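Residue-level structural notes
Residue-level listing of the chains:
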Number of protein chains: 2
Amino acid sequence: MPTDALSPRSTIGILGGGQLGRMLAIAAAELGFRTHIFCPEEDCPAAQVANDVTLAPYEDEAALAAFAGTIDVATYEFENVPESAVAVLEKTVPVRPGRKPLAVAQDRLEEKKFLGRIGVETAPFAKVDSATDIAAAAQTTALPAVLKTRSGGYDGKGQTKIDQDTDHKAAFTAIGEAPAILEGFIAFERELSVIIARGVNGDVAAFDAAENEHRDHILWRSHVPGAIPPEQSEKAGTIATAIIEALDYVGVLGVEFFALPGGALLVNEIAPRVHNSGHWTQDAAYVSQFEQQIRAVAGWPLGDPVRHSDVVMENLIGDDVSGWDLLAAEPGTHVHLYGKAEARPGRKMGHVNRTSPKTNR
Amino acid sequence: MPTDALSPRSTIGILGGGQLGRMLAIAAAELGFRTHIFCPEEDCPAAQVANDVTLAPYEDEAALAAFAGTIDVATYEFENVPESAVAVLEKTVPVRPGRKPLAVAQDRLEEKKFLGRIGVETAPFAKVDSATDIAAAAQTTALPAVLKTRSGGYDGKGQTKIDQDTDHKAAFTAIGEAPAILEGFIAFERELSVIIARGVNGDVAAFDAAENEHRDHILWRSHVPGAIPPEQSEKAGTIATAIIEALDYVGVLGVEFFALPGGALLVNEIAPRVHNSGHWTQDAAYVSQFEQQIRAVAGWPLGDPVRHSDVVMENLIGDDVSGWDLLAAEPGTHVHLYGKAEARPGRKMGHVNRTSPKTNR
């Protein structure tokens with residue numbers, strides 16, 4: 001046991017109050033920890049289940065400092081929390097996974113460069129700071145390609161496709177004229193992801209890879225094991241291990257991959273937090289990604305990531321949630337809802353995990 | 001789907017703020033419900049994870065009425081909540097499982113008489129209202145026997161053994177001179193329990209029976225399947241079904257049995273709530289007893305009680321919890337702690353579930 005393992009009833013601070021924070025707070029409570037949520041929105045999903053809540057913007061340094069004074073360790077539930085907020089907390093408490101992975105994950109260019117430095121393959125890419133950079137960038141990436149803002153984009157926001165006949169100026173305007181990268185378009189066979197964790201003691205534990213399906217650029221379903229050959233799942237785990245070790249990371253990391261027809265794996269992006277494609281762990285593994293994250297940030301040994309069932313996770317997006325009554329009646333379907341009041345289009349309202357006996361693959 | 005199924009974001013009121021209320025509140029949050037805890041003690045385990053808390057004694061009718069005004073349905077987490085408190089709530093909201101099972105479970109004499117009326121076998125028993133009743137009662141039960149208060153006893157409190165040479169007056173004083181029953185001492189082969197649920201629509205779902213081990217009259221371990229022959233588990237489920245139907249019950253019910261050497265089953269007692277011997281469901285079944293209770297009281301269809309793993313639940317009582325760091329490091333051991341500040345002797349501080357692959361029995 002690391003000497004700095006937090007004892008039960010210690011308080012874990014979480015920056016961010018969305019559904020990931022909510023599920024982290026629940027996992028923390030199961031282990032006997034207290035939680036304190038820092039979030040800018042009232043009645044946020046995580047606040048509903050936490051011991052304490054600070055309602056303030058991430059730029060409020062006094063509120064952050066006061067928050068830090070009430071907690072024993074901090075983590076964050078999304079990668080767009082300002083680095084400056086983490087810096088304030090770090091003066092008082094450990095923040096896990098800390099600022100380095102945040103800096104890497106907040107900037108697609110830095111992320112790609114970091115992955116390249118440690119020998120992890122990605123799509124070809126080039127920096128784009130203006131519409132006039134796009135033509136030269138396309139020499140590096142080939143076309144079609146995708147123009148993506150370096151920061152702030154998620155669920156398909158802040159991206160646009162570039163073809164031979166795309167108007168470069170219009171495309172750059174479409175992404176808000178923000179610093180960007182052009183990324184070669186990958187004709188992948190499948191998308192997959194690995195949820196991996198690293199403890200304070202350096203131990204690493206990866207869950208089985210999930211095969212992901214998107215709908216309107218938002219994750220729709222994760223299948224485990226899906227159609228992923230076991231050796232590909234293992235290879236993805238090896239790459240994810242190299243990444244989490246290079247970041248000297250503590251906590252749960254999501255790594256998204258493109259699998260090419262020949263079997264090669266390119267890393268699409270990394271998320272320094274629990275990840276939507278890891279929600280399946282709640283009902284098909286003995287330890288969920290949320291418990292794993294709490295164990296890691298609390299300095300506890302990691303849980304065994306073994307899977308006991310096959311599973312398909314399906315997101316409930318916007319109006320999907322109105323089918324809660326039918327979903328609740330489906331045998332083998334495990335309903336998870338986030339306590340959000342308004343089912344706006346594109347908003348993640350919940351998810352279900354459909355389990356079945358484990359196959360041998 | 002029953003027409004009165006509560007939609008997500010409805011509020012479930014829970015009388016009682018202990019660990020059972022805590023785990024119910026967590027299960028409710030997973031399904032997208034809000035919770036409001038009514039409990040007389042500050043910083044109680046359930047309040048730490050609930051949306052709202054009312055801190056008041058169960059005798060405070062104004063507080064109960066105000067509480068009822070904020071919730072959509074109520075339940076209770078222990079059977080010693082005063083019937084009068086439930087009566088106040090019932091004026092405003094459905095209370096599940098309601099007053100009838102409470103009345104039966106609060107009085108050992110009523111409980112035994114009820115079980116006898118529906119043809120369920122129990123230990124022989126007789127009513128004891130004074131020390132002088134004990135001799136006649138012993139004619140019915142034979143000796144040795146156990147003198148138990150009719151109400152208020154739990155974890156071995158309020159009971160004393162009666163042998164041939166026991167002083168009856170001293171024994172009656174030992175249990176507080178309260179209305180009591182004398183119960184024939186059962187030389188059982190094993191103790192087991194069944195956690196069973198009934199929905200608003202009348203559907204019934206029983207989990208596999210657990211074999212229970214006690215230490216100092218407090219549940220120590222529950223083994224599933226333990227040494228229970230499959231036909232005995234099934235028979236226990238059949239008896240539990242008869243009981244839950246006779247009570248016209250909605251919610252989760254715990255039924256404790258003595259298994260005699262020849263295989264016969266006597267019912268020891270029933271608990272109108274989630275039950276300590278059902279904590280194993282959290283890590284070895286797809287639906288926990290806590291989710292099952294929330295589903296039932298919310299008018300949702302019951303979950304499938306199928307078990308995916310073998311499991312041994314072990315309570316962490318008093319100082320046991322100081323071993324949290326070793327337990328956290330055990331592979332296959334799932335730690336659940338209740339957020340209680342003080343580890344007093346005999347106090348339930350948490351539990352662990354140790355899982356292993358499911359055997360075929």
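See the structure printed just above.
All of the points below concern the structure found in this document. (Residues numbered from 1 in each chain as written. Chains lettered and ligands numbered in written order. Predicted model: local features only at pLDDT ≥ 70, side-chain atom pairs only at ≥ 80, totals over all residues. Heavy atoms only, no water.)

**Here's the deal with the overall build of chain A**
Applicable threshold: Numbering of helices and strands runs from the N terminus; a helix is a DSSP stretch of H or I covering at least four residues, while a strand is a stretch of E covering at least two. As defined in this context, the radius of gyration uses C-alpha atoms, and a globule is described by 2.2 Å times the residue total to the power 0.38. Burial status follows relative accessibility: with a 1.4 Å probe on protein chains alone, a residue under 20% of its type maximum counts as buried, one over 50% as exposed, and anything between as partly exposed. The contact rule is simple, with two residues in contact once any of their heavy atoms fall within 4.5 Å. Surface accessibility in these figures is a Shrake-Rupley result with a 1.4 Å probe; residues are shielded only by whichever protein chains are displayed. By the counting rule applied here, Lys and Arg register as positive and Asp and Glu as negative, while His and the ends of each chain are not counted. Where a charge lies is defined by one atom per residue type, namely NZ (Lys), CZ (Arg), CG (Asp) and CD (Glu).
Per the secondary structure count, chain A includes 11 helices and 17 strands. In terms of overall size, chain A behaves like a compact globule, its C-alpha atoms giving a radius of gyration of 20 Å where 361 residues would be expected to give roughly 21 Å. Along the three orthogonal principal directions, the C-alpha set of chain A runs to about 60 × 50 × 40 Å. Looking at the 361 residues of chain A, the share that counts as buried comes to 60%. A separation threshold of at least 6 residues defines the contact pool for chain A, and within that pool the share at least 24 residues apart is 61%. Surface accessibility of chain A: about 13,300 Å² in total, with carbon and sulfur atoms responsible for 49%. One finds the centroid of the 32 positive side-chain charges in chain A at a distance of 2 Å from the centroid of its 49 negative side-chain charges.

**A few points about helix α1 (residues 19–30) of chain B**
All names here are of chain B. As a reminder of what qualifies: The length a helix should cover is 1.5 Å for every residue beyond the first.
In a regular helix each residue adds 1.5 Å, so 12 residues correspond to 16 Å; α1 covers 17 Å between its end C-alpha atoms and thus fits that length. With 12 of 12 residues buried, α1 is to be regarded as a mostly interior element. Residues Gln19, Leu20, Gly21, Arg22, Met23, Leu24, Ala25, Ile26, Ala27, Ala28, Ala29 and Glu30 constitute the buried set of α1.

**Focus: unusual backbone geometry**
Put simply, Val224 of chain A and Pro225 of chain A share a cis peptide bond, and its omega is 5°. Relative to the helices and strands, Pro225 of chain A resides in the loop between β12 (218–224) and α8 (230–246). The backbone phi angle of Asp248 of chain B is positive, close to 50°, even though this residue is not glycine. Inspection of the secondary structure puts Asp248 of chain B in the loop between α8 (230–246) and β13 (251–259).

**Comments concerning the sheet that holds strand β8 (residues 180–184) of chain B**
Where strands meet in a sheet, backbone hydrogen bonds hold them as pairs that are either parallel or antiparallel. Residue and element names in this part refer to chain B. Filter applied, for reference: Should DSSP find at least two bridges between two strands, the strands are regarded as paired. Axis lines are fitted to C-alpha atoms, over the contacting stretch for helices. Their N-to-C directions set the angle, which ranges from 0 to 180 degrees.
The 4 strands are arranged β5-β8-β6-β7 in an open sheet whose pairing can be described as antiparallel. Of all the strands in the sheet, the pair left with one neighbour each is β5 (125–128) and β7 (159–162). Strand-to-strand twist across the sheet, computed as the mean angle between neighbouring axes with direction ignored, equals 25°. The sheet strands contacting helix α6 (residues 133–141) are β5, β6 (145–149), β7 and β8, and the helix crosses β5 at an angle near 170°.

**Here we look at the environment of Ala62 of chain A**
Residue and element names in this part refer to chain A. With respect to the element layout, Ala62 can be found in helix α2 (residues 61–68). According to the relative accessible area criterion, Ala62 is exposed, its value standing at 57%. Between the alpha carbons of Ala62 and Val88 there is a distance of 9.1 Å; along the sequence they are 26 residues apart.

**Some remarks on the packing of helix α1 (residues 19–30) of chain A against helix α10 (residues 289–297) of chain A**
Residue and element names in this part refer to chain A. Spelled out, the test is: An angle counts as roughly parallel when it lies under 35 degrees, as roughly antiparallel when it exceeds 145, as roughly perpendicular when it falls between 65 and 115, and as oblique in every other case. By the definition used in this description, the sense in which the near helix is turned from the far one sets the handedness, with an anticlockwise turn below a right angle giving left-handed and a clockwise turn giving right-handed. Charged residues are taken to be Asp, Glu, Lys and Arg, nonpolar residues to be Ala, Val, Leu, Ile, Met, Phe, Trp, Tyr, Cys and Pro, and polar residues to be all remaining types, Gly included.
Closest axis-to-axis distance for the α1/α10 pair is 8 Å, and the angle between their directions is 70°. In terms of their interaxial angle, α1 and α10 are classed as roughly perpendicular. Remark: the crossing between α1 and α10 carries right-handed chirality. Contacts between α1 and α10 involve Leu20, Met23, Leu24, Ala27 and Ala28 on the former and, on the latter, Phe290, Glu291, Gln293 and Ile294. The class makeup of the residues in the contact of α1 with α10 is 7 nonpolar, 1 polar and 1 charged.

**Focus on the pattern of salt bridges**
Residues and elements named next belong to chain A. For the record, the criterion: A pair is scored as a salt bridge if a Lys or Arg side-chain nitrogen falls within 4 Å of a carboxyl oxygen belonging to Asp or Glu.
The final tally for this structure, using the stated rule, is 40 salt bridges over all chains. Among the salt bridges present, the one from Glu314 reaches Arg354, with a minimum N-O distance of 3.0 Å. Taken together, the residues Glu314 in strand β15 (residues 309–317) and Arg354 in strand β17 (residues 348–357) connect sequence positions 40 residues apart. A relative accessible area of 11% places Glu314 in the buried class. Sharing partners across several salt bridges, the network here consists of Arg221, Glu314, Glu330 and Arg354.

**Considerations on empty space enclosed by the protein**
What counts here: Residues are said to line a cavity or pocket when one of their atoms sits within 4 Å of a point; the points come from a 1 Å grid over protein atoms alone, cavities being sets where a 1.4 Å probe fits but cannot get out and pockets being open sets with protein on both sides within 12 Å along at least five of seven lines. Grid points are joined across faces, edges and corners, and a volume is the space filled by probe spheres set on the points.
All chains considered together, the criterion is met by 2 cavities of 30 Å³ or more. Taken as a whole, the largest cavity spans an internal volume of roughly 710 Å³. Taken together, 34 residues form the lining of the largest cavity, with Glu30 and Gln282 of chain A together with Glu30, Gln282 and Asp283 of chain B sitting closest to its centre. For the lining of the largest cavity, the secondary-structure elements that each account for two or more residues are α1, α9 (281–284), α10 and β16 (333–337) of chain A together with α1, α9 (281–284), α10 (289–297) and β16 (333–337) of chain B. Among the residues forming the lining of the largest cavity, the class breakdown is 18 nonpolar, 10 polar and 6 charged.

**Thoughts on α10 of chain B**
Counted residue by residue, α10 of chain B has 9 buried out of 9 residues, so it is predominantly covered. The complete set of buried residues in α10 of chain B reads Gln289, Phe290, Glu291, Gln292, Gln293, Ile294, Arg295, Ala296 and Val297 of chain B.

**A closer look at the packing of aromatic side chains**
Residue and element names in this part refer to chain B. Going by this rule: Whether two aromatic rings pair depends on their centres lying within 6.5 Å, for rings of Phe, Tyr and Trp, where Trp uses its six-membered ring; planes under 30 degrees apart make the pair stacked, over 60 edge-to-face, and the rest tilted.
Counted under the stated rule, the structure contains 14 aromatic pairs over all chains. Considering the side-chain rings of Tyr58 and Phe78, the 5.8 Å spacing of their centres and the 45° angle between planes classify their relative orientation as tilted. Placement of the pair is Tyr58 in the loop between β3 (52–55) and α2 (61–68) and Phe78 in the loop between β4 (73–76) and α3 (83–90), with a sequence separation of 20 residues. Seen from their ring centres, Phe207 and Trp280 are 5.9 Å apart, and the 80° between their planes marks the pair as edge-to-face. You can see Phe207 sitting in the loop between β10 (204–206) and β11 (210–215) and its partner Trp280 sitting in the loop between β14 (265–271) and α9, a full 73 residues away along the chain.

This is a description of form; function is not addressed.
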